[in-house]
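Secondary and tertiary structure notes
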Amino acid sequence: PQPVIDAVTSYETNYPANVHRGVHELSGEATAAYEDARRRIAAFLGAQTHGLVFTRGTTESINLVANTSGGTLEPGDEVLISALEHHANIVPWQLACQRTGSALRVVDVDDHATLHLAAVEDAITDRTRIIAITQVSNAVGTLTPIREICTLARSRGIPSLVDAAQAAPHMGVDFADTGCDFMAFSGHKMYAPTDIGGLL
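Since we're looking at a predicted model, the values are computed, not measured.

A few words now on the environment of Leu95. Inspection of the secondary structure assignment puts Leu95 in helix H4 (residues 91-100). On the basis of relative accessibility, which here comes to 39%, the residue Leu95 falls in the partly exposed class.

Right, dumping it as structure tokens:
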């Protein structure tokens, strides 16, 4: 959209300075604009500004969690995902499981591509170390009971990650209300330029 092109052009034209790495006026203005974007994005997603890490998109965000949380996985541990996941929320966990000797467990959906909370609950074991579930399927549009899944995970002391790539641009997303530990999203789903996204 033209407003996006205009905003990028204005930034590139008026703020030719490093963010967070200068003490001169232009660097200060660039840093202020950068941090204002962080503040507005966090507010849009119902999160605290300090909790938002900019990444190149959902895939990098999930990889960041998988490569850090995955470091705590041990042989026999389990990572729980659903049959609705995008490859961005499958492959990082497959790789983490291969590195650590953990198992990737997939919660199936019913004949209508619905993910039921009871199925997630039944799949949790005492070896489940993280639950990573999409909020909205990118392929069929299924809405998952993500808030209930995250509440269930928290009650069991299990961290949860929400892939909000599809949800963020199409429905009200509230990080705090969801109750997840991590939330990944991409800017290009919301008309931003390619290679910008975030992790809460």
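Another aspect to go through is unusual backbone geometry. Of all residues except glycine, most have a negative phi; of all peptide bonds, most are trans. Look at His20: it is not a glycine, yet its phi comes out positive at around 65 degrees. Secondary-structure assignment places His20 in the loop between helix H1 (2-14) and helix H2 (25-44). Phi is positive for Tyr191, which is not a glycine, with a value near 75 degrees. Checked against the element boundaries, Tyr191 lands in the loop between strand S6 (182-186) and strand S7 (197-199). Classification of Tyr191 as exposed rests on a relative accessible area of 59%.

Next up on the list: the packing of aromatic side chains. Inspection of every chain in the model, using the stated rule, returns 2 aromatic pairs. Their ring planes at 75 degrees and their centres at 5.3 Å tell us that Tyr34 and Phe54 sit as a pair that is edge-to-face. Highlighted residues: Tyr34 in helix H2 and Phe54 in strand S1 (residues 53-55), separated in sequence by 20 residues. Residue Tyr34 is classed as partly exposed on the basis of its relative accessible area of 30%.

Attention now goes to the sheet that holds strand S2 (residues 78-82). Here we have 7 strands laid out as an open sheet, ordered S1-S7-S6-S5-S4-S2-S3, and mixed in their pairing. Each edge of the open sheet is held by one strand with a lone partner, namely S1 and strand S3 (103-107). Across the sheet, the mean angle from the axis of one strand to that of its neighbour is 20 degrees, orientation sign disregarded. One ladder, built from 3 bridges, connects S1 with S7; its direction is antiparallel. Following the sheet pairing, Val53 is matched in S7 by Leu199. Against the sheet, H2 contacts S1 and S6, and its axis sits at roughly 100 degrees relative to S1. Against the sheet, helix H3 (residues 58-69) engages S1, strand S4 (128-134), strand S5 (160-163), S6 and S7, with an angle of about 150 degrees to S6.

With that settled, the discussion passes to H2. With 20 residues, H2 should reach 28 Å at 1.5 Å per residue; the first-to-last C-alpha distance of 29 Å fits that figure. For H2, the full list of buried residues reads Ser27, Ala30, Thr31, Arg38 and Ala42. Buried positions in H2, seen along its axis, are confined to an arc of 110 degrees and lie on one side of it. Of the exposed residues in H2, those oriented more than 90 degrees away from the buried face are Glu25, Arg40, Ala43 and Phe44. On the buried face of H2, the contacting elements are H1 and S1. Residue Gly46 follows H2 closely and has a positive phi angle near 65 degrees.

About the criteria used
- Residues numbered from 1 in each chain as written.
- Predicted model: local features only at pLDDT ≥ 70, side-chain atom pairs only at ≥ 80, totals over all residues.
- Heavy atoms only, no water.
- Helix = DSSP H or I, 4+ residues; strand = E, 2+ residues; numbered from the N terminus.
- Buried < 20%, exposed > 50% of the residue type's maximum accessible area, 1.4 Å probe, protein only.
- Phe/Tyr/Trp six-rings, centres within 6.5 Å; stacked < 30°, edge-to-face > 60°.
- Pairing = 2+ DSSP bridges.
- Axes fitted to C-alpha atoms, helices over the stretch in contact; angles between N-to-C directions.
- Contact = heavy atoms within 4.5 Å.
- Expected span 1.5 Å × (residues − 1).
- Arc of directions from axis to C-beta.

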